[in-house]
Amino acid sequence: MLITTILFYFFSAILLGSATAVITVRNPVYASLFLVLAFFNAAALFILLGAEFLGLVLILVYVGAVMVLFLFVVMMLDINLARLKEGFLSYLPLGLAIAILGVLELAVVFWTSPLGHVPAPAPIPANADNTRALGELLYTHYLYPFEIAAVILLVAIIAAIALTLRRRQDTKTQNIDAQMAVRAKDRLRLVNLREPEQ
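Residues numbered from 1 in each chain as written. Predicted model: local features only at pLDDT ≥ 70, side-chain atom pairs only at ≥ 80, totals over all residues. Heavy atoms only, no water.

What follows concerns the overall build of the chain. Regarding its fold elements, the chain presents nine helices and zero strands. When the helices and strands of the chain are read in sequence order from the N terminus, they spell out α-α-α-α-α-α-α-α-α. Burial status across the chain gives 13% buried among its 198 residues. Relative to all contacts within the chain whose residues are 6 or more apart in sequence, the contacts with residues 24 or more apart total 67%. Summed over all atoms, the accessible surface of the chain reaches about 17,100 Å², with 70% contributed by carbon and sulfur. (Helix = DSSP H or I, 4+ residues; strand = E, 2+ residues; numbered from the N terminus. Buried < 20%, exposed > 50% of the residue type's maximum accessible area, 1.4 Å probe, protein only. Contact = heavy atoms within 4.5 Å. Areas by Shrake-Rupley, 256 points an atom, 1.4 Å probe, with all protein chains shown as cover.)

Pasting the structure below:
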């Protein structure tokens, strides 16, 4: 039990640090990489709590697909950081007000139900299979929301590809139609390297 508690606090501390770094670093690529670190630590916490399927899905789906897509879009879009930082001070009062409101809400939650009085979770039976239980719920009761989420993700992928697909004048591109229509006699030239006989 002691090693589990130590690991829980260790992963939680790294998760809080990386989540803070996501919103404080200036480079969007670094922010995306810190978000990947936050996802990994959240997955480790899920696995520690016995929800191994959620932890693995978090790594496979978010880190493996969504974050790669985020990094691709962030690196392909030429974001002008100087222009984004110009109006930072005008948004500072609203951001501080929202942060103070969030801290007050968390304080009210902890004040009304202190962490020491939270009952311990029931022990997990030896033959419990939460992956099967989650699959049965997902594909029976929550089938339509699951399909809607898949369609939304597909639309997001298509939108990201459409955002990054632009013609640039300074890059070389392939013309597939011209490559397919080429004939051997147009591209191949036989040269006799032997000396002509005298």
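Back to the write-up after that little detour.
What follows concerns the packing of aromatic side chains. Tallied over the entire structure, the rule returns four aromatic pairs. Note on F8 and Y9: the rings are 5.7 Å apart at their centroids and 80 degrees apart in plane angle, and the pair reads as edge-to-face. Residue F8 is classed as partly exposed on the basis of its relative accessible area, which comes to 32%. Classification of Y9 as exposed rests on a relative accessible area of 56%. (Phe/Tyr/Trp six-rings, centres within 6.5 Å; stacked < 30°, edge-to-face > 60°.)

This part covers the side chain of S32. Mapped onto the secondary structure, S32 falls in helix α2 (residues 28-48). Other than its neighbours up to four places away in sequence, S32 contacts M67, L71 and V74.

Another aspect to go through is the environment of F34. Structurally, the position occupied by F34 is in helix α2. Classification of F34 by relative accessible area gives partly exposed; the value is 30%. Contact partners of F34, with chain neighbours within four places excluded, come to S18, A21, V22 and V25.

At a minimum axis separation of 10 Å, helix α3 (residues 52-76) and helix α7 (residues 143-164) run at an interaxial angle of 20 degrees. The angle between α3 and α7 places the two elements in the roughly parallel class. As α3 packs across α7, the resulting crossing turns out to be left-handed. Seen from α3, the contacting residues are V66, L69, F72, V73 and M76; seen from α7, they are L153, I157, A160 and T164. Split into classes, the residues belonging to the contact of α3 with α7 amount to eight nonpolar, one polar and no charged. (Axes fitted to C-alpha atoms, helices over the stretch in contact; angles between N-to-C directions. Parallel < 35°, antiparallel > 145°, perpendicular 65-115°, else oblique. Left-handed = near helix turned anticlockwise from the far one by under 90°. Nonpolar A, V, L, I, M, F, W, Y, C, P; charged D, E, K, R; others polar.)

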